[in-house]
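Chain residues, written in single-letter form:
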Amino acid sequence: MATFLYKLGRLAFRRRHFVALIWVALLTLAGVGAASAPAAGTTSFSIPGTEAQKAFDLLEQRFPGMSADGATARVVFKAPDGQKMTDAGNKATVEDTVKELSDGSEVASVADPYTAKAVSKDGTVAYASVKYDVSGMELQDSSRDALEDAAQDARDAGLTVEIGGDALQTVPHTGATEIIGIGVAAVVLVITFGSLIAAGLPLLTALIGVGIGISTITALASTLELGSTTSTLAMMIGLAVGIDYALFIVSRYRAELAEGREREEAAGRAVGTAGSAVVFAGLTVVIALVGLSVVNIPMLTKMGIAAAGTVVIAVLIALTMIPALLGYAGKKVQPAGKKSRWMGGKRAEKKAASGSEAGRPAKPNLGTRWASFVVRRPIAILLLGVVGLGAAAIPATSLELGLGDDGSQPTSTTQRRAYDLLSDGFGPGFNGPLMVVVDAKGSGDPDAAFKQVGDDIKGIKNVVAVTPATPNKTGDTATITVIPDAKPSSVTTEDLVHAIRDKGAEVKADTDATVLVTGSTAMNIDVSEKLNDALLPYLALVVGLAFLLLIVVFRSILVPLKAALGFLLSVMAALGAVVAVFQWGWFAGLLGVEETGPVMSMMPIFMVGVVFGLAMDYEVFLVTRMREAYVHGEKPSQAVVTGFRYGARVVSAAAVIMMAVFAGFIGSSESMVKMIGFGLAIAVFFDAFIVRMAIVPAVLALLGRKAWWLPKWLDRALPNVDVEGEGLRTDAEAKGSEDPDEDRALVRA
């Protein structure tokens, strides 16, 4: 592989006009496609195989026009102090609001609080339920504006009015966070390279790659029924890995220049060596993202595949466009160790020329000094790292999973204030009613079945209220609303859902009627359980495939095993940190976390997928340089130091960039977005700076030559991908033996 990529790098360097034209044409084509494509619809959030989804599907069949998955809103009214909602003036205001809400083109129904018995016992709080024909993500802005205008009219009349439900749900916009990440990335790249031109190349290629990826997703959104949130993960991951992959190749190019090679040769060798690592690092990320399909949640599958496509584009751009741009940059990209004149390069040259640095040996860089320290004290460093991460992981043993509701919103939002008003007036369970669907099509007496289900549910613990069954026109299916005693995200409500389903089994035996529990609360519970059940199979699939891939890359058993175990340590520690902050409330005020509660159900599997791919990036880039030094004759301990000499600075810069991209999301007002940003940022910190920078060199130092052991039969069976570029050295040596004068001239150049 190294030889092929070496030739590709040299070809791209020489034919840079052609390569640049191809990528510009692809960007233009994707942009035109995105601009001319029909507006992206929003795919329904379906969870195949869950009971809640089966109930939704049944409602669509038996209650045509009901729009079971349509958006809902609860307009909550509170009377002024000393008054009640049953007072004539307040009642007239509410009735006017209900009438105003009913005029909406997308409104399916509006329930009057006074006829629906939606007034609290003390008479101070009432709510009107609004049902829409379309989902919250598909709701037109005009419908949202009408909802807010109606609420404002009631406020003007003297009532306190807040709006809950998913009708106000909008697609989260995170443009500012990307700007913050790019800004930090630019600063880190300038510091790393000491050159504005060299720093600009990774940013330029990353933006082009993300532009092509996101534009392609937008162009295909309508055809492939991609939701409006599909591109979120693609943008986040594509930007991060795009910068990182280009960073590694540019860094290797500068190192090759420092060894005296001509620019075209340096570009070829950079792509042949660092480019090989980019290919395999990209493959691990793609495996992790595509592997999300095993969860069998369509939205998550599409997000993973779209992000994987963006990663593939980032790899291809790094292998072709980076050497092409290096050709354009020419001497403006300096060899490693030299700075541009804007970064103090002229002063450094004058200082060297004055003789103040003459006769002094070159000072080892920080990576070399750190690796030498670890190699001398591997046991102490290993124990310190493992114990530290283990301590950080302890809170993960108390992990509680759930999906956020309006109760997890900031107190400044109308959704959260509506949630609190309902809890105060009616009890916390009113924020998460359960819908029980009774399918009595196979029953001999449907009415008796409906009555039995209602009576049985009333006898279950933690049930506040049960509405009478509402049958469909044919009388073979009915819905029953159940109000729990506890809030939607509580363990008590989860137990209640399972208790109702257990009762359904008894009803089935007695009446042949099927009982299904659905609604947003039950759907959240089912999603959490589905994600939890899929975590271990997903982890086994992703880690297993990547383990096999890394055996091919490193031609070792112990190095991939160490990489996988180190990843598990960093993910568990990151989950522990998430639990400590968002569930226990540690440093919650510092991070702007207003409400603690269960960790988002998607968080563990999301972190496993994203962090695993990024962790293997650092593993491949750092350890391949060690493997390269070892293959070229260095002792194992010295190879570790050599790997850090050339790779530590770049890996550290890549990790800081990645952390900056993710940490930008911590400032979001959305609790879930804040949690994702914090979790990914802390996971990258743990993995890059503790696992890869401390535990990895300590383990390799302890293992010595055993780290690179591979059974002979397996060595013969595995393909030789030559990530370390041994084939390039062999070719150069063969060429040098044929023409020593030319070889010496090449070295002098």
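This report concerns the structure included in the present document.

The rules behind each value
- Residues numbered from 1 in each chain as written.
- Predicted model: local features only at pLDDT ≥ 70, side-chain atom pairs only at ≥ 80, totals over all residues.
- Heavy atoms only, no water.
- Helix = DSSP H or I, 4+ residues; strand = E, 2+ residues; numbered from the N terminus.
- Contact = heavy atoms within 4.5 Å.
- Areas by Shrake-Rupley, 256 points an atom, 1.4 Å probe, with all protein chains shown as cover.
- Patch = residues over 30% accessible without salt bridge, like charges linked within 9 Å, V, L, I, M, F, W, Y side chains within 5 Å.
- Salt bridge = Lys/Arg side-chain N within 4 Å of Asp/Glu carboxyl O.
- Lys, Arg positive; Asp, Glu negative; His and termini not counted.
- Charge placed at Lys NZ, Arg CZ, Asp CG, Glu CD.
- Pairing = 2+ DSSP bridges.
- Axes fitted to C-alpha atoms, helices over the stretch in contact; angles between N-to-C directions.

## A closer look at the overall build of the protein chain
Broken down by element type, the protein chain carries 24 helices and eleven strands. Excluding contacts between residues fewer than 6 apart, the proportion of contacts in the protein chain whose partners are at least 24 apart in sequence is 79%. Total accessible area on the protein chain stands at roughly 32,200 Å², and carbon and sulfur atoms take up 59% of it.

## Some words on a negative patch on the surface
Residues Glu95, Asp96, Glu100, Asp103, Asp145, Glu148, Asp149, Asp153 and Asp156 make up a contiguous surface patch of negative charge. Among the elements that take part in the negative patch, helix α5 (residues 141-156) stands out by supplying five residues, more than any other. Inspection of the secondary structure assignment puts aspartate 96 in helix α4 (residues 88-102).

## Let's talk about the sheet that holds strand β3 (residues 125-132)
Spatially, the four strands line up as an open sheet ordered β2-β3-β1-β4, and their pairing is antiparallel. A strand with exactly one partner marks an edge of an open sheet, and here the two such strands are β2 (107-111) and β4 (160-164). Pairwise comparison of adjacent strand axes, ignoring direction, gives a mean angle of 20° for this sheet. Both strand β1 (residues 72-78) and β4 contribute to a ladder of five bridges, which runs antiparallel. What sits directly across from valine 76, in β4, is glutamate 162. Sheet strands touched by α4: β1, β2 and β3. Its angle to β2, the strand with the most contacts, is close to 170°. In this fold α5 packs onto β1, β3 and β4, with an angle of close to 160° to the strand it touches most, β4.

## Notes on the environment of alanine 653
Inspection of the secondary structure assignment puts alanine 653 in helix α20 (residues 636-663). It is 8.7 Å that separates the C-alpha atoms of alanine 653 and leucine 247, two residues lying 406 residues apart in sequence. Every residue in contact with alanine 653, bar those within four places of it in the chain, is listed here: Val188, Thr192 and Leu247.

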